[in-house]
Amino acid sequence: MMNLVIFGAPGSGKGTQSDRLIDEFGLFHISTGELLRNHIAQDTELGRLADSYISKGHLIPDDLMIKILEDVLDSNPYRARRGVIFDGFPRTIAQAEALEKMLEARGAGIDAVVGLEVPEEELTQRLIKRGQREGRSDDTPETIKERLNVYHSTTHPLREFYTGKGKYSSVDGTGTIESIYSDIKKALSHLNLQPNEHSIDPLINS
Ligand code: AMP
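The sections below set out a description of the structure shown in this document. (Residues numbered from 1 in each chain as written. Predicted model: local features only at pLDDT ≥ 70, side-chain atom pairs only at ≥ 80, totals over all residues. Heavy atoms only, no water.)

## A look at helix H1 (residues 14-25)
The end-to-end C-alpha separation of H1 is 16 Å, in line with the 16 Å expected for 12 residues at 1.5 Å each. Lys 14, Gln 17, Ser 18, Leu 21 and Phe 25 are the residues of H1 that are buried. Down the axis, H1 shows its buried residues gathered within 105° of arc, on one side only. In this fold, the buried residues of H1 make contact with strand S1 (2-8), strand S2 (28-31), helix H5 (77-82), strand S3 (83-87), strand S4 (112-117) and helix H10 (177-187). At the exit of H1 stands Gly 26, carrying a positive phi of roughly 65°. (Helix = DSSP H or I, 4+ residues; strand = E, 2+ residues; numbered from the N terminus. Expected span 1.5 Å × (residues − 1). Buried < 20%, exposed > 50% of the residue type's maximum accessible area, 1.4 Å probe, protein only. Arc of directions from axis to C-beta. Contact = heavy atoms within 4.5 Å.)

## Considerations on helix H3 (residues 45-54)
An α-helical turn contains 3.6 residues, so any two residues separated by three or four positions project in the same direction. Leu 46, Gly 47, Ala 50 and Ile 54 are the residues of H3 that are buried. For H3, the arc enclosing every buried residue in end-on projection is 95°, short of the 170-degree limit, so these residues lie on one face. The inward-facing, buried residues of H3 contact helix H2 (32-41), helix H4 (62-75) and helix H8 (141-155).

## Some words on the pairing of S4
Taken across its 6 residues, S4 has 5 buried, putting it largely inside the fold. Taken together, the 5 bridges between S1 and S4 define a ladder with parallel strand orientation. Along S4, the bridge assignment pairs Ile 6 with Val 114. (Pairing = 2+ DSSP bridges.)

## Some remarks on the sheet that holds S4
Sheet strands pair by backbone hydrogen bonding; their relative direction is either parallel or antiparallel. Across the sheet, which stays open at both edges, the 5 strands sit in the order S2-S3-S1-S4-S5 with parallel pairing between neighbours. Two strands close off the open sheet at either side, each with one partner strand: S2 and strand S5 (168-172). When the angles between neighbouring strand axes are averaged without regard to direction, this sheet yields 20°. Sheet strands touched by helix H9 (residues 157-164): S1, S4 and S5. Its angle to S5, the strand with the most contacts, is close to 125°. (Axes fitted to C-alpha atoms, helices over the stretch in contact; angles between N-to-C directions.)

## Here we look at the pattern of salt bridges
If you walk through the whole model with that rule in mind, you get 15 salt bridges. With its nearest N and O atoms 2.4 Å apart, the salt bridge here joins Arg 106 to Asp 74. Separated by 32 residues along the polypeptide, Arg 106 in the loop between helix H6 (93-105) and S4 and Asp 74 in helix H4 bring together distant segments of the chain. The class for Arg 106 is partly exposed, based on a relative accessible area of 30%. The residue Lys 165 makes a salt bridge to Glu 100 at a minimum N-O spacing of 3.3 Å. Separated by 65 residues along the polypeptide, Lys 165 in the loop between H9 and S5 and Glu 100 in helix H6 bring together distant segments of the chain. Residue class for Lys 165 comes out partly exposed when judged on its relative accessible area of 38%. Classification of Glu 100 as partly exposed rests on a relative accessible area of 28%. (Salt bridge = Lys/Arg side-chain N within 4 Å of Asp/Glu carboxyl O.)

Structural data, given as structure tokens:
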């Protein structure tokens, strides 16, 4: 099981680059933001609760978020077995510690954390454009500002947390999608990731 965290501020390109890694290496993508947006779209109880935080640019409380993540791992054992890309989780030190415990209990751990570094001004521009393009309720100027504040105060300390464990690799998140992806692969070269080429559906059959 090869577990990667793709880390960075809102708008740093985590989702885009995760998609590439999944295509090439067949890892299981867990995007907590996407998962919560699906609940909001289906108007579930969790979706309504999540929306009350997301629309303000706030984080979902740790207890709830950790429980959601554990449920995803528990209900997808075969897909998670090959390895997971955690996209948007962890966002707090408490979540990172909980993730470590969850993976440890499954005989695994975090193998690497790739941090996409993008200047603040570019993040804001990207998020405003995405808001216009996709109509995401949290990509409005006020919410963007709050999300970036939350990122700096609460999420950014994880950079130190994972650097201290020797797991953090910083990647320049500006430039073309291709060049960023190529830098990510260089940052992960020590892991000897295997391309996903062996079977029709390795996630289910492995
Ligand atoms: P994202 O798509 O990753 O930018 O997430 C969108 C929003 O979902 C965030 O601004 C948070 O409100 C919420 N969210 C996603 N992941 C987490 C998490 N790990 N902890 C708390 N809130 C989260």
